Amino acid sequence: MHTIAVSDLTYRHRSDPDAPPALSNISLHLPPGSRTILVGANGAGKSTLLQILAGKRLVNAADIRIKGRDVFRDSPEGVTFLGTEWAMNPVVRSDIVVSYFLDSVGGYRHKERRDHLLDILDVDLDWHMHAISDGERRRVQLCMGLMAPWDVLLLDEVTVDLDVLVRDDLLKFLQHDSETRGATILYATHIFDGINSFPTHVAHMRGGSFVTEATPLSSLRLNDPSNPLSLYHVALQWLTEDREHRRALEAQGRKTRGARRNQTVPSDSETFYKKYDYNP
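By convention here, each chain's residues receive numbers from 1 onward along its written sequence. Where local features are concerned, this predicted model is filtered to residues with pLDDT of at least 70; where side-chain atom pairs are given and counted, the filter is 80 or more; whole-chain, interface and lining totals use all residues. Side-chain measures were taken over the full set of non-hydrogen atoms in the model, leaving aside hydrogen atoms and water.

(A) Structural view of the pairing of strand E10 (residues 209–216). In this sheet, E10 lies alongside strand E9 (residues 201–206) in antiparallel orientation, the contact comprising five bridges. Bridging from a neighbouring strand, Val202 pairs with Thr215 of E10. By the convention used here, strands pair only if DSSP detects at least 2 bridges between them. Each helix is a run of DSSP H or I of at least 4 residues and each strand a run of E of at least 2, with the numbering of both proceeding from the N terminus. Remark: two residues form the turn of the hairpin made by E9 and E10, two consecutive strands paired antiparallel; Gly207 in that turn has positive phi of roughly 60°.

(B) Summary view of the sheet that holds strand E4 (residues 63–66). As summarised here, the arrangement of the four strands in space is E2-E1-E4-E5, forming an open sheet in which the pairing is antiparallel. The open sheet is flanked by strand E2 (23–30) and strand E5 (69–70), the only strands paired with a single partner. Pairing of E4 with E5, which is carried by two bridges, proceeds in the antiparallel orientation. Looking at the pairing, Ile66 lines up with Arg69 of E5. Any pair of residues with heavy atoms lying within 4.5 Å of one another is described as a contacting pair. All axes are obtained by fitting lines to C-alpha atoms, using only the stretch in contact for helices, and the reported angles, taken between N-to-C directions, cover 0 to 180 degrees. Sheet strands touched by helix H1 (residues 46–53): strand E1 (4–11), E2 and E4. Its angle to E1, the strand with the most contacts, is close to 120°.

(C) Molecular detail of the side chain of Lys46. Locating Lys46 in the fold gives a position in helix H1. The classification of residues rests on relative accessible area computed with a 1.4 Å probe and restricted to protein chains. Under 20% of the type maximum is buried, over 50% is exposed, and intermediate values are partly exposed. A residue counts as positive if it is Lys or Arg and as negative if it is Asp or Glu; His and the chain ends are not included. What counts as a salt bridge is simple: a side-chain nitrogen of Lys or Arg found within 4 Å of a carboxyl oxygen of Asp or Glu. Buried Lys46, no salt bridge; nearest opposite-charge side chain is Glu157, N-O distance 5.9 Å. Only 3.0 Å separates the side chain of Lys46 from the backbone oxygen of Gly40, close enough to count as a polar contact. Dropping the residues within four chain positions of it, Lys46 is found in contact with Leu38, Val39, Gly40, Ala41, Ala188, His190 and Met205. The definition of a polar contact used here is a pair of N or O atoms within 3.5 Å, where within protein one atom must be able to donate a hydrogen and the other to accept one, and adjacent residues in sequence count solely through side-chain atom pairs.

(D) Layout of the sheet that holds strand E3 (residues 35–39). Read from one edge to the other, the open sheet built from six strands follows the order E6-E7-E8-E3-E9-E10, with strand pairing classed as mixed. The strands lining the two open edges of the sheet, one partner per strand, are strand E6 (79–82) and E10. On average, each strand axis in the sheet is tilted by 10° relative to the strand beside it, whichever way the strands run. Pairing between E3 and E9: four bridges, direction parallel. Pairing of Leu38 across the sheet is with Ala203, part of E9. Relative to the sheet, helix H4 (residues 134–146) contacts E6 and strand E7 (152–156), its axis offset from that of E6 by approximately 170°. Contacts from helix H6 (residues 231–251) reach E3, E9 and E10, with the element oriented near 20° to E9.

(E) Just the nonpolar core, in detail. To form a nonpolar core, buried Ala, Val, Leu, Ile, Met, Phe, Trp, Tyr and Cys residues must be joined to one another through side-chain atoms within 4.5 Å. Membership of the largest hydrophobic core comes to 43 residues, with the highest contact counts inside it found for Leu121, Val140, Leu146 and Leu174. Elements with a contribution of two residues or more to this core: E3, helix H2 (98–104), helix H3 (111–121), H4, E7, helix H5 (164–181), strand E8 (184–188) and H6. A total of five residues in this core trace back to one element, the largest contributor, which is H5. Look past the residues within four positions of Val140 in its chain and what remains in contact with it is Val98, Phe101, Leu102, Val123, Trp127, Met129 and Ile132. Among the nonpolar cores identified, the runner-up in size contains 28 residues, and Leu28, Leu38, Ala188 and Phe210 belong to it.

(F) Representation of the side chain of Ser178 in the model. Here Ser178 is to be found in helix H5. At 2.8 Å, the side chain of Ser178 forms a polar contact with the backbone oxygen of Ala183. Once residues lying within four places of it in the same chain are set aside, the contact partners of Ser178 are Gly33, Ser34, Arg35, Ala183 and Ile185.

Function cannot be inferred from these measures alone, as they are strictly geometric.
Written out as C-alpha coordinates, the structure reads:
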(Lines give C-alpha, C1' and ligand atoms only; values in the text may rest on other atoms or scores of the structure.)
Protein backbone atom coordinates (compact mmCIF):
# COMPACT_ATOMS: atom_id res chain seq x y z
CA MET A 1 0.00 0.00 0.00
CA HIS A 2 1.27 3.47 -0.84
CA THR A 3 1.70 5.86 2.07
CA ILE A 4 0.64 8.80 -0.11
CA ALA A 5 -1.86 8.12 -2.91
CA VAL A 6 -3.40 10.87 -5.05
CA SER A 7 -5.52 10.26 -8.13
CA ASP A 8 -7.14 12.69 -10.58
CA LEU A 9 -6.57 15.84 -8.53
CA THR A 10 -7.57 19.13 -10.14
CA TYR A 11 -7.80 22.26 -8.01
CA ARG A 12 -8.78 25.90 -8.61
CA HIS A 13 -8.35 28.74 -6.16
CA ARG A 14 -11.77 30.03 -5.12
CA SER A 15 -10.57 33.62 -5.25
CA ASP A 16 -10.22 33.40 -9.04
CA PRO A 17 -12.48 30.63 -10.42
CA ASP A 18 -11.94 31.76 -14.03
CA ALA A 19 -8.16 31.33 -13.86
CA PRO A 20 -6.50 28.12 -15.09
CA PRO A 21 -6.36 25.34 -12.45
CA ALA A 22 -3.57 25.65 -9.90
CA LEU A 23 -3.28 21.85 -10.13
CA SER A 24 -4.40 19.76 -13.07
CA ASN A 25 -4.85 15.98 -13.25
CA ILE A 26 -2.32 15.22 -10.50
CA SER A 27 -1.54 11.61 -9.61
CA LEU A 28 1.07 10.74 -7.01
CA HIS A 29 1.90 7.41 -5.35
CA LEU A 30 4.72 7.23 -2.80
CA PRO A 31 5.76 4.05 -0.95
CA PRO A 32 6.55 3.84 2.78
CA GLY A 33 10.01 5.07 3.66
CA SER A 34 10.41 7.12 0.47
CA ARG A 35 11.94 10.59 0.44
CA THR A 36 10.76 12.59 -2.57
CA ILE A 37 12.11 15.94 -3.71
CA LEU A 38 9.63 18.17 -5.56
CA VAL A 39 11.34 20.22 -8.27
CA GLY A 40 9.56 23.11 -9.98
CA ALA A 41 9.72 26.82 -10.67
CA ASN A 42 7.96 29.35 -8.46
CA GLY A 43 4.24 28.98 -9.09
CA ALA A 44 4.46 25.39 -10.36
CA GLY A 45 1.95 24.20 -7.74
CA LYS A 46 4.27 22.56 -5.20
CA SER A 47 3.01 24.48 -2.15
CA THR A 48 -0.62 24.03 -3.16
CA LEU A 49 -0.14 20.28 -3.48
CA LEU A 50 1.53 20.03 -0.07
CA GLN A 51 -1.20 22.12 1.57
CA ILE A 52 -3.89 19.86 0.09
CA LEU A 53 -2.09 16.74 1.32
CA ALA A 54 -1.92 18.36 4.76
CA GLY A 55 -5.69 18.94 4.69
CA LYS A 56 -5.36 22.73 4.59
CA ARG A 57 -7.24 23.18 1.31
CA LEU A 58 -10.49 21.29 0.75
CA VAL A 59 -10.90 19.24 -2.42
CA ASN A 60 -14.06 17.26 -3.16
CA ALA A 61 -13.55 15.65 -6.56
CA ALA A 62 -10.35 13.67 -6.05
CA ASP A 63 -9.17 10.61 -4.17
CA ILE A 64 -6.46 11.79 -1.75
CA ARG A 65 -5.28 9.27 0.82
CA ILE A 66 -2.46 9.12 3.32
CA LYS A 67 -1.83 5.81 5.08
CA GLY A 68 -4.97 4.53 3.36
CA ARG A 69 -7.24 7.14 4.93
CA ASP A 70 -9.08 10.01 3.26
CA VAL A 71 -7.24 13.24 4.08
CA PHE A 72 -10.45 15.23 4.60
CA ARG A 73 -13.03 12.72 5.86
CA ASP A 74 -10.86 10.39 7.93
CA SER A 75 -7.79 12.44 8.77
CA PRO A 76 -4.78 10.18 9.37
CA GLU A 77 -2.58 10.57 12.41
CA GLY A 78 1.15 11.08 12.22
CA VAL A 79 1.14 13.67 9.41
CA THR A 80 3.32 16.75 9.95
CA PHE A 81 3.33 19.79 7.64
CA LEU A 82 5.97 22.49 7.99
CA GLY A 83 5.80 25.57 5.77
CA THR A 84 7.43 28.97 5.58
CA GLU A 85 4.48 31.03 6.81
CA TRP A 86 4.91 29.89 10.44
CA ALA A 87 7.89 32.13 11.20
CA MET A 88 5.89 35.22 10.14
CA ASN A 89 3.04 34.53 12.56
CA PRO A 90 2.82 37.35 15.16
CA VAL A 91 2.18 34.79 17.92
CA VAL A 92 5.60 33.15 17.49
CA ARG A 93 7.25 36.58 17.41
CA SER A 94 6.00 37.46 20.89
CA ASP A 95 8.19 37.71 23.99
CA ILE A 96 8.18 34.06 25.07
CA VAL A 97 11.18 31.98 26.12
CA VAL A 98 11.92 29.04 23.79
CA SER A 99 11.83 26.46 26.62
CA TYR A 100 8.34 27.65 27.63
CA PHE A 101 7.22 27.70 24.02
CA LEU A 102 8.31 24.11 23.39
CA ASP A 103 6.69 22.88 26.60
CA SER A 104 3.47 24.66 25.63
CA VAL A 105 3.22 22.41 22.56
CA GLY A 106 4.09 19.20 24.43
CA GLY A 107 7.87 19.16 24.41
CA TYR A 108 7.92 17.49 27.81
CA ARG A 109 6.22 14.44 26.24
CA HIS A 110 9.05 13.87 23.75
CA LYS A 111 12.14 14.78 25.77
CA GLU A 112 14.58 12.43 24.04
CA ARG A 113 13.71 13.51 20.50
CA ARG A 114 13.35 17.15 21.57
CA ASP A 115 16.81 17.18 23.15
CA HIS A 116 18.34 15.47 20.11
CA LEU A 117 16.78 18.11 17.83
CA LEU A 118 17.89 20.93 20.13
CA ASP A 119 21.46 19.71 19.67
CA ILE A 120 21.15 19.24 15.89
CA LEU A 121 19.50 22.61 15.34
CA ASP A 122 21.78 24.36 17.85
CA VAL A 123 18.87 25.99 19.70
CA ASP A 124 19.32 27.93 22.94
CA LEU A 125 16.43 27.23 25.31
CA ASP A 126 16.87 30.70 26.83
CA TRP A 127 16.26 32.53 23.56
CA HIS A 128 13.30 34.91 23.50
CA MET A 129 11.21 34.38 20.37
CA HIS A 130 10.83 38.10 19.63
CA ALA A 131 14.57 38.77 19.86
CA ILE A 132 16.01 36.10 17.54
CA SER A 133 16.70 36.04 13.79
CA ASP A 134 14.46 34.45 11.17
CA GLY A 135 16.91 31.57 10.83
CA GLU A 136 16.92 30.95 14.58
CA ARG A 137 13.14 31.16 14.65
CA ARG A 138 13.06 28.59 11.84
CA ARG A 139 15.18 26.25 13.96
CA VAL A 140 12.65 26.52 16.79
CA GLN A 141 9.84 25.73 14.32
CA LEU A 142 11.63 22.61 13.11
CA CYS A 143 12.29 21.44 16.64
CA MET A 144 8.63 22.00 17.52
CA GLY A 145 7.34 20.20 14.42
CA LEU A 146 9.70 17.22 14.46
CA MET A 147 9.96 16.33 18.15
CA ALA A 148 6.83 14.14 17.99
CA PRO A 149 7.48 11.04 15.82
CA TRP A 150 5.80 11.40 12.43
CA ASP A 151 4.84 8.90 9.73
CA VAL A 152 4.49 11.41 6.88
CA LEU A 153 6.43 14.66 6.71
CA LEU A 154 5.45 17.42 4.27
CA LEU A 155 8.12 20.11 3.97
CA ASP A 156 7.63 23.34 2.04
CA GLU A 157 10.91 25.30 1.77
CA VAL A 158 11.55 25.20 5.51
CA THR A 159 15.33 24.93 5.20
CA VAL A 160 15.68 28.20 3.28
CA ASP A 161 16.75 30.17 6.42
CA LEU A 162 19.20 27.60 7.76
CA ASP A 163 22.95 27.81 7.47
CA VAL A 164 24.70 25.04 5.54
CA LEU A 165 25.91 23.09 8.59
CA VAL A 166 22.56 23.01 10.40
CA ARG A 167 20.75 22.13 7.17
CA ASP A 168 23.11 19.22 6.52
CA ASP A 169 22.73 17.88 10.07
CA LEU A 170 18.94 18.20 9.83
CA LEU A 171 18.76 16.29 6.53
CA LYS A 172 20.90 13.51 8.00
CA PHE A 173 18.48 13.31 10.95
CA LEU A 174 15.47 13.16 8.63
CA GLN A 175 17.08 10.50 6.44
CA HIS A 176 17.91 8.36 9.48
CA ASP A 177 14.36 8.80 10.80
CA SER A 178 12.94 7.76 7.44
CA GLU A 179 15.19 4.72 7.08
CA THR A 180 14.79 3.39 10.63
CA ARG A 181 11.04 3.98 11.05
CA GLY A 182 9.85 3.64 7.43
CA ALA A 183 8.55 7.23 7.50
CA THR A 184 7.75 9.07 4.25
CA ILE A 185 8.96 12.55 3.29
CA LEU A 186 7.75 14.89 0.52
CA TYR A 187 10.02 17.92 0.34
CA ALA A 188 9.66 20.97 -1.93
CA THR A 189 12.86 22.97 -2.16
CA HIS A 190 14.89 25.25 -4.40
CA ILE A 191 18.18 24.37 -2.69
CA PHE A 192 19.79 21.35 -4.34
CA ASP A 193 23.40 21.54 -3.20
CA GLY A 194 24.53 18.66 -1.02
CA ILE A 195 21.38 16.52 -1.22
CA ASN A 196 22.29 13.94 -3.86
CA SER A 197 22.13 11.12 -1.32
CA PHE A 198 19.00 12.33 0.50
CA PRO A 199 16.05 11.51 -1.81
CA THR A 200 14.86 8.13 -2.96
CA HIS A 201 12.59 9.75 -5.58
CA VAL A 202 12.47 13.01 -7.56
CA ALA A 203 9.42 14.61 -9.19
CA HIS A 204 9.13 17.58 -11.56
CA MET A 205 6.12 19.94 -11.60
CA ARG A 206 5.33 22.55 -14.25
CA GLY A 207 2.24 24.71 -14.46
CA GLY A 208 0.26 22.67 -11.95
CA SER A 209 1.01 19.26 -13.48
CA PHE A 210 3.69 16.61 -13.26
CA VAL A 211 6.15 16.61 -16.12
CA THR A 212 7.99 13.79 -14.38
CA GLU A 213 6.11 11.85 -11.73
CA ALA A 214 7.95 10.57 -8.67
CA THR A 215 10.89 8.72 -10.23
CA PRO A 216 13.38 6.55 -8.33
CA LEU A 217 16.65 8.39 -7.95
CA SER A 218 18.51 5.34 -9.26
CA SER A 219 17.06 5.92 -12.73
CA LEU A 220 18.78 9.34 -12.86
CA ARG A 221 22.15 7.69 -12.12
CA LEU A 222 23.22 10.62 -9.92
CA ASN A 223 25.47 8.47 -7.77
CA ASP A 224 27.03 6.68 -10.73
CA PRO A 225 30.77 7.52 -10.91
CA SER A 226 30.53 7.65 -14.71
CA ASN A 227 27.78 10.29 -14.53
CA PRO A 228 29.01 13.79 -13.55
CA LEU A 229 25.48 15.17 -13.05
CA SER A 230 24.18 16.18 -9.64
CA LEU A 231 20.61 16.84 -8.53
CA TYR A 232 21.46 20.53 -8.87
CA HIS A 233 22.28 20.06 -12.58
CA VAL A 234 19.15 17.99 -13.16
CA ALA A 235 16.99 20.66 -11.50
CA LEU A 236 18.73 23.39 -13.49
CA GLN A 237 18.05 21.53 -16.73
CA TRP A 238 14.39 20.95 -15.85
CA LEU A 239 13.81 24.58 -14.85
CA THR A 240 15.50 25.79 -18.05
CA GLU A 241 13.11 23.58 -20.03
CA ASP A 242 10.20 25.04 -18.03
CA ARG A 243 11.19 28.59 -18.95
CA GLU A 244 11.61 27.69 -22.62
CA HIS A 245 8.20 26.01 -22.58
CA ARG A 246 6.61 29.13 -21.05
CA ARG A 247 8.26 31.43 -23.58
CA ALA A 248 7.02 29.24 -26.43
CA LEU A 249 3.47 29.66 -25.09
CA GLU A 250 4.02 33.42 -24.79
CA ALA A 251 5.09 33.52 -28.44
CA GLN A 252 1.72 31.94 -29.27
CA GLY A 253 -0.21 34.67 -27.49
CA ARG A 254 -0.08 33.91 -23.77
CA LYS A 255 0.50 36.94 -21.52
CA THR A 256 4.23 37.62 -21.33
CA ARG A 257 6.48 38.27 -18.37
CA GLY A 258 9.47 40.58 -18.13
CA ALA A 259 10.05 44.05 -19.55
CA ARG A 260 7.50 45.61 -21.94
CA ARG A 261 9.96 47.09 -24.42
CA ASN A 262 7.38 47.48 -27.19
CA GLN A 263 5.08 49.63 -25.08
CA THR A 264 5.17 53.09 -26.70
CA VAL A 265 2.38 54.74 -24.67
CA PRO A 266 3.33 55.44 -21.02
CA SER A 267 1.31 53.56 -18.45
CA ASP A 268 -1.07 55.43 -16.15
CA SER A 269 1.24 54.84 -13.17
CA GLU A 270 4.26 56.14 -15.10
CA THR A 271 2.37 59.27 -16.14
CA PHE A 272 1.16 59.91 -12.60
CA TYR A 273 4.49 59.45 -10.83
CA LYS A 274 6.43 61.43 -13.42
CA LYS A 275 4.14 64.36 -12.72
CA TYR A 276 5.08 64.36 -9.02
CA ASP A 277 8.72 63.33 -9.39
CA TYR A 278 10.80 66.02 -7.67
CA ASN A 279 14.12 64.17 -7.84
CA PRO A 280 16.74 66.06 -9.89
